[in-house]
Amino acid sequence: MAKYINFPDWMTTFLRYLPLAMMTTLMFQNIFVVHGHGQLATVNFTVLVALLPGLIIGYFRRSLMAVVLVSVLVMALMRYFNF
């Protein structure tokens, strides 16, 4: 339905960056682990390793679906092999 509506330029620009902003939020939420109030966050290296192939695929393919699929697949393999 949104395909047939003419949005203003500022709305189109906003909507273009919305998937990127959502994915970035989800990635940083899972990469950094907060241990308590007043302590520095640490990095979850398992999630970081699973994210790197997805980022590489995303850079070359520019497909949000490919990034999600590759990252989920790598994380599933890492959990299956107890990494």
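Everything discussed here concerns the structure shown above.
Residues numbered from 1 in each chain as written. Predicted model: local features only at pLDDT ≥ 70, side-chain atom pairs only at ≥ 80, totals over all residues. Heavy atoms only, no water.

Enquirer: Talk me through the packing of helix α2 (residues 45–61) against helix α3 (residues 64–80); I want residue IDs and the actual numbers.
Expert: Contact pair α2 / α3: the axes reach a minimum separation of 8 Å and the direction vectors enclose 150°. Considering how the two elements wind past one another, α2 and α3 form a crossing that is right-handed. On α3, the residues that touch T46, V47, V49, A50, L51, P53, G54, I57 and G58 of α2 are A66, V67, V70, S71, V74, M75 and M78. Along the lines of polarity and charge, the residues of the contact of α2 with α3 split into 12 nonpolar, four polar and no charged. (Axes fitted to C-alpha atoms, helices over the stretch in contact; angles between N-to-C directions. Helix = DSSP H or I, 4+ residues; strand = E, 2+ residues; numbered from the N terminus. Left-handed = near helix turned anticlockwise from the far one by under 90°. Contact = heavy atoms within 4.5 Å. Nonpolar A, V, L, I, M, F, W, Y, C, P; charged D, E, K, R; others polar.)

Enquirer: I'd love a proper account of the nonpolar core, names of residues and values included.
Expert: Ranked by size, the top nonpolar core spans seven residues in total: M27, I31, V47, A50, L51, M75 and M78. Sorting the residues of this core by element identifies α1 (9–31), α2 and α3 as the ones contributing at least two each. Not counting the four nearest positions on each side in its chain, I31 is found in contact with T42, V43, N44, V47, L48 and L51. (Core = buried A, V, L, I, M, F, W, Y, C linked by side-chain atoms within 4.5 Å. Buried < 20%, exposed > 50% of the residue type's maximum accessible area, 1.4 Å probe, protein only.)

Enquirer: Kindly report on the packing of α1 against α2, identifying the contributing residues and their values.
Expert: To characterise two packed helices, one gives the angle between the axes of the helices and the distance between these axes. In contact at an axis separation of 9 Å, α1 and α2 are set at 155° when each is read in the N-to-C sense. Classified by the angle their axes make, α1 and α2 are roughly antiparallel. Crossing geometry of α1 relative to α2 is assigned as left-handed. In this structure, α1 contributes M27, N30 and I31 to the contact, and α2 contributes V47, L48, L51 and L55. Looking at side-chain class alone, the contact of α1 with α2 contains six nonpolar, one polar and no charged residues. (Parallel < 35°, antiparallel > 145°, perpendicular 65-115°, else oblique.)

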